[in-house]
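# Fold and geometry: a report
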Amino acid sequence: MSSSKLLSLLASKDRDFLLSPTGTRPLVRQVNISYLEGKTIGIYFSANWYQPCRNFTPLLANAYEQLKDRGPGFEVVFVSCDEDAPAFDEHRALMPWLAIPFSGLETKRSLNTRFGIEDIPSLIILQPAYGRQDFTILNGVDLIYRHGVQAYPFSKLRAEELLHEETEKRENQTLERLLSNHDTDYILSHTTSKQVPVASLIGKTIGLYFSAQWCIPGAKFTPKLASIYRKINEEVTTNSSHDFEIVYLSSDHDQSAFDSYFNTMPWMAMSYGHPNIKSLAKYFDVEGIPSLVILGPDGKTVTKRGRSLINLYQEKAYPFTEARIEVLKRQVDEESMNLPESERHSGHCHELLLVSEGTGGGPFICCDCDEQGFGWAYQCIECGYEVHPKCVRSVEP
Ligand SMILES: [Zn+2]
Ligand SMILES: [Zn+2]
(Lines give C-alpha, C1' and ligand atoms only; values in the text may rest on other atoms or scores of the structure.)
(Ligands and ions follow the chains in the order given, each with its own letter.)
Protein backbone atom coordinates (compact mmCIF):
# COMPACT_ATOMS: atom_id res chain seq x y z
CA MET A 1 0.00 0.00 0.00
CA SER A 2 1.42 3.42 -0.88
CA SER A 3 2.11 6.05 1.69
CA SER A 4 -0.63 8.41 0.64
CA LYS A 5 -3.14 5.58 0.52
CA LEU A 6 -2.26 4.54 4.05
CA LEU A 7 -2.42 8.10 5.29
CA SER A 8 -5.78 8.51 3.62
CA LEU A 9 -7.10 6.00 6.15
CA LEU A 10 -6.70 8.76 8.72
CA ALA A 11 -8.78 11.22 6.69
CA SER A 12 -12.40 11.27 5.64
CA LYS A 13 -14.43 12.78 2.79
CA ASP A 14 -14.63 16.15 4.48
CA ARG A 15 -11.57 16.11 6.74
CA ASP A 16 -7.89 16.15 5.77
CA PHE A 17 -6.54 17.14 9.18
CA LEU A 18 -5.90 15.79 12.67
CA LEU A 19 -6.22 17.59 15.99
CA SER A 20 -3.04 19.06 17.49
CA PRO A 21 -2.09 18.26 21.06
CA THR A 22 -4.12 20.41 23.47
CA GLY A 23 -1.12 22.10 25.07
CA THR A 24 0.38 23.44 21.81
CA ARG A 25 1.67 27.02 21.94
CA PRO A 26 0.91 28.98 19.83
CA LEU A 27 -2.49 27.37 19.64
CA VAL A 28 -2.79 25.48 16.37
CA ARG A 29 -5.88 23.36 16.40
CA GLN A 30 -5.33 21.32 13.29
CA VAL A 31 -2.49 19.66 11.46
CA ASN A 32 -2.79 18.54 7.85
CA ILE A 33 -2.40 14.79 7.41
CA SER A 34 0.38 15.32 4.87
CA TYR A 35 2.55 16.39 7.85
CA LEU A 36 2.91 12.67 8.65
CA GLU A 37 4.45 11.86 5.26
CA GLY A 38 7.78 10.05 5.73
CA LYS A 39 7.54 9.72 9.51
CA THR A 40 7.29 6.60 11.64
CA ILE A 41 3.72 6.66 12.89
CA GLY A 42 2.14 4.91 15.85
CA ILE A 43 -1.63 4.63 15.68
CA TYR A 44 -2.72 4.45 19.29
CA PHE A 45 -6.07 2.90 20.21
CA SER A 46 -6.96 3.76 23.78
CA ALA A 47 -9.82 4.54 26.17
CA ASN A 48 -9.75 6.58 29.35
CA TRP A 49 -12.17 4.27 31.17
CA TYR A 50 -9.81 1.33 30.88
CA GLN A 51 -7.03 1.06 33.47
CA PRO A 52 -4.48 -0.73 31.23
CA CYS A 53 -4.73 2.24 28.82
CA ARG A 54 -4.30 4.71 31.67
CA ASN A 55 -1.19 2.79 32.74
CA PHE A 56 0.28 2.75 29.27
CA THR A 57 -0.34 6.34 28.11
CA PRO A 58 2.34 7.94 30.35
CA LEU A 59 4.91 5.34 29.24
CA LEU A 60 4.16 6.07 25.60
CA ALA A 61 4.30 9.82 26.31
CA ASN A 62 7.74 9.38 27.84
CA ALA A 63 9.02 7.38 24.85
CA TYR A 64 7.42 9.88 22.47
CA GLU A 65 9.22 12.85 24.03
CA GLN A 66 12.53 11.09 23.48
CA LEU A 67 11.79 9.79 19.99
CA LYS A 68 9.74 12.43 18.21
CA ASP A 69 12.75 14.05 16.56
CA ARG A 70 14.76 10.92 15.95
CA GLY A 71 15.47 9.80 12.37
CA PRO A 72 12.67 10.81 10.03
CA GLY A 73 10.53 11.67 13.06
CA PHE A 74 8.08 9.70 15.16
CA GLU A 75 4.47 10.74 15.52
CA VAL A 76 1.53 9.20 17.34
CA VAL A 77 -2.12 9.45 16.33
CA PHE A 78 -4.71 8.78 19.00
CA VAL A 79 -7.80 6.82 17.99
CA SER A 80 -10.28 7.25 20.79
CA CYS A 81 -12.38 4.46 22.22
CA ASP A 82 -13.76 6.86 24.85
CA GLU A 83 -17.44 6.96 25.72
CA ASP A 84 -18.20 10.59 24.98
CA ALA A 85 -16.65 13.90 23.93
CA PRO A 86 -15.83 15.15 27.47
CA ALA A 87 -14.07 11.84 28.26
CA PHE A 88 -12.19 12.18 24.98
CA ASP A 89 -11.06 15.72 25.82
CA GLU A 90 -9.92 14.70 29.26
CA HIS A 91 -8.02 11.71 27.90
CA ARG A 92 -6.45 13.69 25.08
CA ALA A 93 -5.19 16.34 27.49
CA LEU A 94 -2.70 13.72 28.76
CA MET A 95 -1.30 13.14 25.27
CA PRO A 96 1.39 15.25 23.59
CA TRP A 97 0.50 13.93 20.10
CA LEU A 98 -2.16 14.18 17.38
CA ALA A 99 -5.68 12.80 17.48
CA ILE A 100 -8.52 11.90 15.19
CA PRO A 101 -11.48 14.11 16.15
CA PHE A 102 -13.96 12.38 18.43
CA SER A 103 -16.63 12.91 15.78
CA GLY A 104 -14.61 10.96 13.19
CA LEU A 105 -16.58 7.79 13.87
CA GLU A 106 -16.26 6.38 10.40
CA THR A 107 -12.48 6.80 10.36
CA LYS A 108 -12.15 5.22 13.79
CA ARG A 109 -14.31 2.30 12.74
CA SER A 110 -12.39 1.69 9.53
CA LEU A 111 -9.02 1.84 11.34
CA ASN A 112 -10.26 -0.70 13.86
CA THR A 113 -11.26 -3.01 11.04
CA ARG A 114 -8.21 -2.34 8.90
CA PHE A 115 -5.80 -3.30 11.71
CA GLY A 116 -7.99 -5.95 13.32
CA ILE A 117 -7.96 -4.29 16.72
CA GLU A 118 -9.25 -6.71 19.31
CA ASP A 119 -7.75 -5.34 22.45
CA ILE A 120 -6.75 -1.95 23.83
CA PRO A 121 -4.31 -0.39 24.38
CA SER A 122 -2.97 -1.14 20.89
CA LEU A 123 -0.20 0.62 19.03
CA ILE A 124 0.09 -0.06 15.30
CA ILE A 125 3.35 1.08 13.78
CA LEU A 126 3.54 2.44 10.23
CA GLN A 127 7.03 2.77 8.89
CA PRO A 128 8.53 4.70 6.02
CA ALA A 129 10.72 2.35 4.00
CA TYR A 130 12.13 3.20 0.59
CA GLY A 131 9.57 5.85 -0.01
CA ARG A 132 6.58 3.82 0.98
CA GLN A 133 4.96 3.43 4.35
CA ASP A 134 5.31 -0.13 5.35
CA PHE A 135 3.26 -1.07 8.28
CA THR A 136 3.95 -3.90 10.58
CA ILE A 137 1.34 -4.96 13.05
CA LEU A 138 3.62 -5.41 15.98
CA ASN A 139 2.50 -5.23 19.52
CA GLY A 140 4.02 -1.79 20.02
CA VAL A 141 2.49 -1.74 23.51
CA ASP A 142 4.40 -4.83 24.56
CA LEU A 143 7.63 -3.55 22.99
CA ILE A 144 7.43 -0.25 24.87
CA TYR A 145 6.59 -2.01 28.13
CA ARG A 146 9.54 -4.33 27.77
CA HIS A 147 12.16 -2.15 26.14
CA GLY A 148 11.08 1.51 26.25
CA VAL A 149 12.84 3.68 23.66
CA GLN A 150 15.23 0.81 22.94
CA ALA A 151 12.44 -0.60 20.81
CA TYR A 152 12.72 2.22 18.25
CA PRO A 153 12.10 2.07 15.26
CA PHE A 154 9.59 -0.66 16.22
CA SER A 155 10.37 -2.68 13.11
CA LYS A 156 10.11 -6.46 12.89
CA LEU A 157 13.89 -6.54 12.60
CA ARG A 158 14.35 -4.52 15.80
CA ALA A 159 11.84 -6.72 17.63
CA GLU A 160 13.78 -9.81 16.57
CA GLU A 161 17.08 -8.26 17.69
CA LEU A 162 15.62 -7.46 21.09
CA LEU A 163 14.21 -10.94 21.45
CA HIS A 164 17.60 -12.37 20.60
CA GLU A 165 19.35 -10.11 23.11
CA GLU A 166 16.86 -11.11 25.75
CA THR A 167 17.29 -14.83 25.10
CA GLU A 168 21.03 -14.40 25.32
CA LYS A 169 20.70 -12.47 28.55
CA ARG A 170 18.52 -15.19 30.06
CA GLU A 171 20.88 -17.93 28.94
CA ASN A 172 23.77 -16.12 30.58
CA GLN A 173 21.76 -15.22 33.65
CA THR A 174 23.65 -15.58 36.91
CA LEU A 175 22.88 -14.39 40.40
CA GLU A 176 25.74 -11.93 40.30
CA ARG A 177 24.61 -10.43 37.01
CA LEU A 178 21.12 -10.00 38.43
CA LEU A 179 21.93 -8.56 41.83
CA SER A 180 25.17 -6.63 41.31
CA ASN A 181 25.93 -3.57 39.26
CA HIS A 182 29.07 -1.54 38.66
CA ASP A 183 29.02 0.09 42.08
CA THR A 184 27.36 -2.41 44.42
CA ASP A 185 27.97 -6.11 44.76
CA TYR A 186 26.36 -6.63 48.16
CA ILE A 187 22.93 -6.95 49.71
CA LEU A 188 21.73 -6.15 53.22
CA SER A 189 21.52 -8.76 55.90
CA HIS A 190 18.61 -8.02 58.18
CA THR A 191 19.93 -9.08 61.54
CA THR A 192 23.00 -6.89 61.55
CA SER A 193 22.08 -4.42 58.78
CA LYS A 194 25.48 -5.20 57.43
CA GLN A 195 26.49 -5.77 53.87
CA VAL A 196 26.79 -9.31 52.59
CA PRO A 197 28.53 -10.00 49.29
CA VAL A 198 26.21 -11.25 46.55
CA ALA A 199 28.83 -13.94 45.89
CA SER A 200 28.02 -15.55 49.26
CA LEU A 201 24.55 -16.49 47.96
CA ILE A 202 25.83 -18.44 44.99
CA GLY A 203 24.70 -22.06 45.03
CA LYS A 204 21.55 -21.40 47.03
CA THR A 205 17.95 -21.41 45.91
CA ILE A 206 16.98 -17.72 45.97
CA GLY A 207 13.58 -16.08 46.18
CA LEU A 208 13.37 -12.53 44.87
CA TYR A 209 10.53 -11.02 46.85
CA PHE A 210 8.94 -7.93 45.26
CA SER A 211 6.73 -6.28 47.84
CA ALA A 212 6.04 -3.11 49.85
CA GLN A 213 4.61 -2.20 53.18
CA TRP A 214 1.67 -0.36 51.57
CA CYS A 215 0.72 -3.46 49.58
CA ILE A 216 -2.46 -4.93 51.11
CA PRO A 217 -2.14 -8.55 49.89
CA GLY A 218 1.49 -8.37 50.99
CA ALA A 219 0.42 -7.72 54.59
CA LYS A 220 -1.07 -11.22 54.63
CA PHE A 221 1.52 -12.92 52.50
CA THR A 222 4.73 -11.62 54.13
CA PRO A 223 4.20 -13.25 57.56
CA LYS A 224 3.10 -16.46 55.87
CA LEU A 225 6.22 -16.47 53.70
CA ALA A 226 8.35 -15.76 56.78
CA SER A 227 7.02 -18.80 58.62
CA ILE A 228 7.45 -21.02 55.54
CA TYR A 229 10.96 -19.66 54.99
CA ARG A 230 11.88 -20.69 58.54
CA LYS A 231 10.38 -24.16 58.08
CA ILE A 232 12.21 -24.71 54.80
CA ASN A 233 15.52 -23.69 56.32
CA GLU A 234 15.00 -25.92 59.37
CA GLU A 235 14.45 -28.88 57.09
CA VAL A 236 17.29 -27.94 54.81
CA THR A 237 19.75 -27.82 57.70
CA THR A 238 18.79 -31.32 58.78
CA ASN A 239 19.13 -32.54 55.20
CA SER A 240 22.43 -30.67 54.83
CA SER A 241 21.67 -29.83 51.21
CA HIS A 242 21.99 -26.33 49.75
CA ASP A 243 19.75 -23.78 51.40
CA PHE A 244 17.11 -21.20 50.69
CA GLU A 245 17.49 -17.43 50.88
CA ILE A 246 15.09 -14.61 50.07
CA VAL A 247 16.01 -11.10 48.98
CA TYR A 248 13.45 -8.37 49.53
CA LEU A 249 13.11 -5.95 46.60
CA SER A 250 11.22 -3.01 48.00
CA SER A 251 8.73 -0.69 46.34
CA ASP A 252 8.23 1.21 49.57
CA HIS A 253 7.49 4.92 49.42
CA ASP A 254 10.40 5.95 51.64
CA GLN A 255 13.36 4.72 53.64
CA SER A 256 11.50 4.59 56.95
CA ALA A 257 8.69 2.44 55.48
CA PHE A 258 11.38 0.17 54.08
CA ASP A 259 13.19 -0.03 57.42
CA SER A 260 10.09 -0.89 59.40
CA TYR A 261 8.87 -3.47 56.88
CA PHE A 262 12.27 -5.07 56.45
CA ASN A 263 12.37 -5.38 60.24
CA THR A 264 9.51 -7.88 60.07
CA MET A 265 11.39 -10.08 57.58
CA PRO A 266 13.85 -12.81 58.51
CA TRP A 267 15.74 -12.62 55.19
CA MET A 268 17.96 -10.22 53.24
CA ALA A 269 17.20 -7.15 51.13
CA MET A 270 18.52 -5.05 48.36
CA SER A 271 19.07 -1.55 49.75
CA TYR A 272 16.14 0.84 49.47
CA GLY A 273 15.89 2.59 46.10
CA HIS A 274 18.59 0.48 44.45
CA PRO A 275 18.27 1.00 40.68
CA ASN A 276 18.38 -2.77 40.05
CA ILE A 277 14.99 -3.20 41.72
CA LYS A 278 13.15 -1.54 38.84
CA SER A 279 15.13 -3.30 36.16
CA LEU A 280 14.62 -6.67 37.85
CA ALA A 281 10.85 -6.08 38.03
CA LYS A 282 10.90 -5.37 34.32
CA TYR A 283 13.16 -8.30 33.50
CA PHE A 284 10.87 -10.72 35.33
CA ASP A 285 7.64 -9.07 34.06
CA VAL A 286 6.46 -8.38 37.58
CA GLU A 287 3.03 -6.86 37.07
CA GLY A 288 1.71 -6.82 40.60
CA ILE A 289 3.07 -7.23 44.08
CA PRO A 290 3.68 -9.22 46.18
CA SER A 291 5.53 -11.40 43.74
CA LEU A 292 8.10 -14.11 44.37
CA VAL A 293 10.54 -15.16 41.65
CA ILE A 294 12.58 -18.28 42.36
CA LEU A 295 16.16 -18.73 41.10
CA GLY A 296 17.88 -22.09 41.22
CA PRO A 297 21.37 -22.78 42.66
CA ASP A 298 22.78 -22.11 39.15
CA GLY A 299 21.25 -18.61 39.09
CA LYS A 300 18.71 -19.49 36.39
CA THR A 301 15.00 -18.77 36.79
CA VAL A 302 13.07 -21.72 38.21
CA THR A 303 9.64 -20.07 38.32
CA LYS A 304 8.01 -16.66 38.53
CA ARG A 305 4.99 -18.21 40.30
CA GLY A 306 6.65 -18.58 43.70
CA ARG A 307 3.80 -16.83 45.47
CA SER A 308 1.07 -19.11 44.23
CA LEU A 309 3.25 -22.20 44.77
CA ILE A 310 3.77 -21.11 48.39
CA ASN A 311 0.03 -20.64 48.76
CA LEU A 312 -0.76 -24.01 47.25
CA TYR A 313 1.92 -26.19 48.81
CA GLN A 314 3.51 -24.17 51.65
CA GLU A 315 6.99 -25.39 52.62
CA LYS A 316 6.51 -28.53 50.54
CA ALA A 317 6.92 -26.38 47.39
CA TYR A 318 10.67 -26.11 47.98
CA PRO A 319 12.80 -26.21 45.78
CA PHE A 320 9.99 -25.09 43.42
CA THR A 321 11.24 -27.07 40.42
CA GLU A 322 8.91 -28.47 37.80
CA ALA A 323 9.71 -31.99 38.93
CA ARG A 324 8.83 -31.10 42.52
CA ILE A 325 5.56 -29.46 41.52
CA GLU A 326 4.58 -32.50 39.41
CA VAL A 327 5.00 -34.75 42.44
CA LEU A 328 2.93 -32.40 44.60
CA LYS A 329 0.21 -32.10 41.97
CA ARG A 330 -0.12 -35.87 41.83
CA GLN A 331 -0.28 -36.01 45.62
CA VAL A 332 -3.01 -33.38 45.69
CA ASP A 333 -4.95 -35.22 42.99
CA GLU A 334 -4.77 -38.42 44.98
CA GLU A 335 -5.73 -36.76 48.24
CA SER A 336 -8.55 -34.83 46.62
CA MET A 337 -10.17 -38.03 45.32
CA ASN A 338 -11.02 -38.83 48.91
CA LEU A 339 -12.46 -35.41 49.68
CA PRO A 340 -16.22 -35.19 50.22
CA GLU A 341 -18.10 -34.05 47.12
CA SER A 342 -19.65 -31.14 48.94
CA GLU A 343 -18.81 -29.01 51.93
CA ARG A 344 -20.04 -25.95 53.76
CA HIS A 345 -18.01 -22.89 54.63
CA SER A 346 -18.84 -20.52 57.45
CA GLY A 347 -18.47 -17.54 55.12
CA HIS A 348 -21.17 -18.64 52.66
CA CYS A 349 -24.80 -19.71 52.93
CA HIS A 350 -24.85 -22.27 50.09
CA GLU A 351 -23.42 -25.72 49.76
CA LEU A 352 -20.03 -25.80 47.99
CA LEU A 353 -19.12 -28.49 45.45
CA LEU A 354 -15.69 -29.98 44.88
CA VAL A 355 -14.31 -29.02 41.46
CA SER A 356 -11.02 -29.77 39.75
CA GLU A 357 -9.30 -28.49 36.63
CA GLY A 358 -11.37 -30.85 34.52
CA THR A 359 -14.71 -29.96 36.10
CA GLY A 360 -14.87 -26.20 36.14
CA GLY A 361 -12.03 -25.40 38.53
CA GLY A 362 -9.45 -22.94 37.24
CA PRO A 363 -7.38 -20.16 38.73
CA PHE A 364 -9.32 -18.48 41.53
CA ILE A 365 -8.95 -16.27 44.58
CA CYS A 366 -9.87 -18.09 47.76
CA CYS A 367 -12.67 -16.33 49.65
CA ASP A 368 -11.26 -17.61 52.93
CA CYS A 369 -7.56 -16.71 52.80
CA ASP A 370 -7.69 -14.21 49.86
CA GLU A 371 -4.83 -15.98 48.11
CA GLN A 372 -4.66 -17.50 44.64
CA GLY A 373 -5.62 -21.08 44.05
CA PHE A 374 -5.59 -23.38 41.10
CA GLY A 375 -7.43 -26.57 40.18
CA TRP A 376 -9.07 -28.28 43.15
CA ALA A 377 -11.51 -26.05 45.01
CA TYR A 378 -14.87 -25.95 46.74
CA GLN A 379 -17.12 -23.77 44.69
CA CYS A 380 -20.64 -22.37 44.83
CA ILE A 381 -21.60 -22.64 41.19
CA GLU A 382 -24.37 -20.06 41.60
CA CYS A 383 -22.37 -17.31 43.29
CA GLY A 384 -18.81 -18.11 42.24
CA TYR A 385 -17.79 -18.32 45.91
CA GLU A 386 -14.66 -20.43 45.95
CA VAL A 387 -12.23 -21.66 48.63
CA HIS A 388 -9.18 -23.92 48.78
CA PRO A 389 -9.97 -27.44 50.04
CA LYS A 390 -7.53 -26.76 52.90
CA CYS A 391 -9.42 -23.60 53.79
CA VAL A 392 -12.82 -25.26 53.92
CA ARG A 393 -11.39 -27.81 56.29
CA SER A 394 -9.76 -25.19 58.45
CA VAL A 395 -13.13 -23.89 59.71
CA GLU A 396 -14.42 -27.26 60.85
CA PRO A 397 -14.57 -27.69 64.64
ZN1 LIG B 1 -7.65 -20.36 50.96
ZN1 LIG C 1 -23.69 -19.33 46.75
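Criteria and cut-off values
Residues numbered from 1 in each chain as written. Chains lettered and ligands numbered in written order. Predicted model: local features only at pLDDT ≥ 70, side-chain atom pairs only at ≥ 80, totals over all residues. Heavy atoms only, no water. Pairing = 2+ DSSP bridges. Helix = DSSP H or I, 4+ residues; strand = E, 2+ residues; numbered from the N terminus. Buried < 20%, exposed > 50% of the residue type's maximum accessible area, 1.4 Å probe, protein only. Arc of directions from axis to C-beta. Contact = heavy atoms within 4.5 Å. Axes fitted to C-alpha atoms, helices over the stretch in contact; angles between N-to-C directions. Donors = N, O, S within 2.8 Å, 3.2 Å for Na, K, Ca; no water. Tetrahedral: all angles 85-135°; square planar, octahedral: opposite > 155°, others 65-115°.

## Looking at the sheet that holds strand E15 (residues 342-343)
Across the sheet, which stays open at both edges, the four strands sit in the order E15-E16-E19-E20 with antiparallel pairing between neighbours. Taken across any chain shown, the strands that pair with only one partner, and hence form the sheet edges, are E15 and strand E20 (386-387). Bridge count for E15 against strand E16 (residues 352-355) is two bridges, and the pairing is antiparallel. The residue of E16 that forms the bridge with Glu-343 is Leu-352.

## Observations regarding helix H4 (residues 105-114)
All of the buried residues in H4 are Thr-107, Lys-108 and Leu-111. Relative to the axis of H4, the buried residues are bounded by an arc of 100 degrees and lie together on one face. With respect to the buried face of H4, the exposed residues turned more than 90 degrees away are Glu-106, Arg-109 and Thr-113. Those residues of H4 that are buried lie in contact with strand E3 (40-46) and strand E4 (74-80). Positive backbone phi, at 55 degrees, marks Gly-116, one or two positions downstream of H4.

## Structural notes on helix H11 (residues 306-313)
Judged by how many residues are buried, H11 sits mostly within the fold: seven of eight residues are covered. Among the residues making up H11, those that are buried are Gly-306, Arg-307, Ser-308, Leu-309, Ile-310, Asn-311 and Tyr-313. Positive phi shows up at Gln-314, right after H11, with a value of about 50 degrees.

## A few points about the sheet that holds strand E14 (residues 301-303)
Here we have seven strands laid out as an open sheet, ordered E9-E8-E12-E11-E10-E13-E14, and mixed in their pairing. A strand with exactly one partner marks an edge of an open sheet, and here the two such strands are strand E9 (194-197) and E14. When strand E11 (residues 244-250) meets strand E12 (residues 268-269), the two strands line up parallel, connected through two bridges. Paired with Tyr-248 across the bridge in E12 is Ala-269. Packed onto the sheet, helix H9 (residues 255-262) meets strand E8 (186-189), strand E10 (205-211), E11 and E12 and runs at close to 155 degrees relative to E11.

## As for the coordination of the zinc ion (ligand 1)
Geometrically, a metal with four donors at the corners of a regular tetrahedron has ideal angles of 109.5 degrees, and one with six donors at the corners of a regular octahedron has ideal angles of 90 or 180 degrees. Cys-366 (SG), Cys-369 (SG), His-388 (ND1) and Cys-391 (SG) make up the full set of protein donors to the zinc ion (ligand 1), lying at 2.0 to 2.3 Å. Considering all four donor atoms around the zinc ion (ligand 1), angles at the metal cover 100 to 117 degrees and the coordination shape is tetrahedral. In primary sequence terms, the donor set of the zinc ion (ligand 1) follows C-x2-C-x18-H-x2-C. Of this pair, Cys-366 sits in the loop between strand E17 (364-365) and strand E18 (372-373) while Cys-391 sits in helix H13 (residues 389-394), placing them 25 residues apart in sequence. Looking at Cys-366, the relative accessible area reads 0%, which means it is buried.

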